Structures are given as C-alpha cells and as structure tokens.
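# Fold and contact review
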Amino acid sequence: MSYDWDWEAFRDALPILLEGFRTTLLATVLGTLVAAVLGLVVAMAGRAPTRLVTWPVRAATEFVRSTPLLVQLVGAYAIFDTVEPLTIGITVLGIHYASYLSEVYRAGIDAVPKGQWEACRALSMSPRRTWQAVILPQAVRKVLPALGNYGIAMFKETPFLAVITVTEMVAEAREYGADHFVYAETFTLAGLIFLAASYPTSLLMRKLERRLGH
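Below, the structure is looked at part by part.

With that settled, consider the overall build of the chain. Secondary structure assignment for the chain yields eight helices and zero strands. The globule rule puts the C-alpha radius of gyration for 214 residues at 17 Å, and the 21 Å found for the chain is more than 25% above it. Expressed as lengths along the three principal axes of its C-alpha atoms, the size of the chain is roughly 75 × 45 × 25 Å. Counting only residues that meet the buried cut, the chain has 39% of its 214 residues in that class. For the chain, the share of sequence-separated contacts (at least 6 apart) that also reach a separation of at least 24 residues comes to 78%. When the accessible surface of the chain is split by element, carbon and sulfur atoms take 64% of a total near 12600 Å². When the 19 basic and 18 acidic side-chain charges of the chain are each reduced to a single mean position, those positions are 22 Å apart.

So this is what it looks like as structure tokens:
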C-alpha cells in the first residue's frame with residue numbers, strides 16, 4: 001500500500017515551521033554565544049594557580065559532561081519554574097556546550113608556542129596584556145572551526161527544548177502533523193530546513209579550517 005503524499009499540507013506547513021525555525025535559530029545563536037564566552041572563562045579558570053579554583057571548576061565541568069542534556073533541561077525547568085522556558089533552554093544549552101568548548105579553548109591555548117609566553121615576559125607585559133594581546137588572539141584563531149562545529153551540533157539538538165514547552169521547529173512540525181494527520185510531510189519538511197541551514201554552515205567551517213590550517 002503506497003502512501004498518499006499531501007503536497008498541500010507540505011506547502012501549508014512551511015510558514016508555520018519557519019516561525020518555529022526563528023525560535024530554533026534564536027536558541028542556537030544565543031546558546032552558542034553563552035557557550036563560547038563561558039567556555040573561555042572555564043578554560044582560563046582551569047589554569048588558575050590555586051586548587052581552590054581549579055577543583056570546583058573541573059568537578060562542575062565533569063558533572064555537566066557526564067549527564068545527558070535532556071536531564072539537565074528537565075532538571076533546570078523543574079528548579080527554575082518561574083523563569084521563561086526559552087531562557088532556561090538557552091542557558092542550559094550554553095552551559096552544556098561550554099563544558100566541551102572549555103577543552104577546545106584549552107587545546108588552543110596549549111598550542112600557542114612557548115616562545116610567545118617568553119617574549120611577553122621579556123617585554124615585561126602584564127598577565128592581562130599578555131592574554132588580551134598575544135595569547136587569546138592566537139588561541140581563538142586556532143579553535144574557530146571547532147567552535148563553529150559545536151554551534152552546528154547545538155543547532156541539531158534544539159528539538160530537545162520541546163520537553164520544557166519551548167515551541168521550536170520540530171515541536172511545530174509535531175503539532176501540525178497531529179492536527180492534520182500529516183506527520184511524514186511535516187517532519188520531512190523540518191528535516192529539509194535543518195539540512196538547508198546546517199549543511200552550508202558545515203561547508204563553511206571546513207573551508208575555514210583548511211584556511212586556518214595553512
């Protein structure tokens with residue numbers, strides 16, 4: 001028995017899914033910004049000279065990495081029940097990916113040649129000036145492709161936000177499919193929108209990685 005594809009439903013669902021895509025994109029962009037900034041803070045805190053700082057930071061990072069994103073979302077939603085669900089989702093996504101980006105930053109910082117550090121000390125540059133003017137610009141340049149790839153990964157995990165009542169694109173597809181009994185059409189359309197957004201970005205990240213690798 002062949003499936004009777006409903007092209008009219010496919011067309012009618014498009015503007016609804018695009019509205020949900022705005023939420024998906026917003027969560028991805030803001031979540032990536034949170035992850036990028038917090039990941040850098042965690043990476044630098046992990047290099048602190050005292051264990052009173054490094055141990056709690058490492059423990060918190062390992063906890064986040066060792067628990068599923070879905071559990072973190074539901075837990076945060078239950079605890080902070082007065083906060084806007086989208087705000088919770090963006091924050092949890094940012095914290096979750098910051099735990100991974102911190103390692104990316106750490107690798108980038110460690111890849112800066114030791115001669116750069118020695119030159120800064122020889123010029124009597126302050127630690128703050130050393131980080132701002134010399135170390136971080138080189139480290140961030142090295143890890144930009146990885147940051148972009150994690151942003152794409154976050155984009156593809158935004159459907160998890162539906163469990164805390166955030167109506168993103170996949171949630172819109174599910175609701176429209178349930179109302180009109182056209183699940184195949186709406187989920188196919190959602191998949192195509194994800195593909196149209198993520199594939200060109202992944203190609204851009206590959207191109208950037210090759211360029212920075214030279």
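Among the structural elements, Val 74 can be located in helix α3 (residues 69-79). The exposure class assigned to Val 74 is partly exposed, which follows from its relative accessible area of 41%. When the C-alpha atoms of Val 74 and Leu 123 are compared, they prove to be 51 Å apart, with 49 residues separating the residues in sequence.

Before going further, it helps to spend a moment on the pattern of salt bridges. Within this structure, the stated rule accounts for seven salt bridges. As a salt-bridge pair, Asp 110 and Arg 47 come within 2.9 Å of each other at their nearest N and O atoms. Placement of the pair is Asp 110 in helix α4 (residues 85-110) and Arg 47 in the loop between α1 (7-45) and α2 (51-66), with a sequence separation of 63 residues. Classification of Arg 47 as partly exposed rests on a relative accessible area of 37%. Classification of Asp 110 by relative accessible area gives partly exposed; the value is 45%.

This brings us to the packing of α4 against helix α6 (residues 127-157). Where α4 meets α6, the axes come as close as 9 Å, and the angle between the chain directions of the two elements is 140°. Classified by the angle their axes make, α4 and α6 are oblique. Both α4 and α6 take part in a crossing whose hand is right-handed. Here α4 contributes Leu 93, Tyr 97, Tyr 100, Leu 101, Val 104, Tyr 105, Gly 108 and Ile 109 to the contact with α6, which in turn contributes Trp 131, Ile 135, Ala 139, Val 140, Lys 142, Val 143, Ala 146, Leu 147, Tyr 150, Ala 153, Met 154 and Glu 157.

The topology assignment puts Glu 172 in helix α7 (residues 169-180). Of the side chains bearing the opposite charge, Arg 174 lies closest to the buried Glu 172, which forms no salt bridge; the N-O distance is 9.3 Å. Once residues within four sequence positions are removed from consideration, Glu 172 is found in contact with Ile 16, Leu 17, Gly 20 and Thr 167.

Another aspect to go through is the packing of α1 against α6. Two numbers describe how α1 lies on α6: the axes approach to 10 Å, and their chain directions differ by 145°. In this structure, α1 meets α6 at a crossing whose hand is right-handed. Facing Phe 21, Thr 24, Ala 27, Thr 28, Gly 31, Thr 32, Ala 35, Leu 40 and Met 44 of α1, the residues of α6 in contact are Trp 131, Leu 136, Gly 151, Met 154 and Phe 155. Along the lines of polarity and charge, the residues of the contact of α1 with α6 split into nine nonpolar, five polar and no charged.

On the surface, Leu 25, Leu 26, Val 29, Leu 30 and Leu 33 cluster together into a nonpolar patch covering about 410 Å² of accessible area. Here Leu 25 lies in helix α1. When its relative accessible area of 41% is taken as the criterion, Leu 25 is described as partly exposed.

The rules behind the values
- Residues numbered from 1 in each chain as written.
- Predicted model: local features only at pLDDT ≥ 70, side-chain atom pairs only at ≥ 80, totals over all residues.
- Heavy atoms only, no water.
- Helix = DSSP H or I, 4+ residues; strand = E, 2+ residues; numbered from the N terminus.
- Rg over C-alpha atoms; globule rule 2.2 N^0.38 Å.
- Buried < 20%, exposed > 50% of the residue type's maximum accessible area, 1.4 Å probe, protein only.
- Contact = heavy atoms within 4.5 Å.
- Areas by Shrake-Rupley, 256 points an atom, 1.4 Å probe, with all protein chains shown as cover.
- Lys, Arg positive; Asp, Glu negative; His and termini not counted.
- Charge placed at Lys NZ, Arg CZ, Asp CG, Glu CD.
- Salt bridge = Lys/Arg side-chain N within 4 Å of Asp/Glu carboxyl O.
- Axes fitted to C-alpha atoms, helices over the stretch in contact; angles between N-to-C directions.
- Parallel < 35°, antiparallel > 145°, perpendicular 65-115°, else oblique.
- Left-handed = near helix turned anticlockwise from the far one by under 90°.
- Nonpolar A, V, L, I, M, F, W, Y, C, P; charged D, E, K, R; others polar.
- Patch = residues over 30% accessible without salt bridge, like charges linked within 9 Å, V, L, I, M, F, W, Y side chains within 5 Å.

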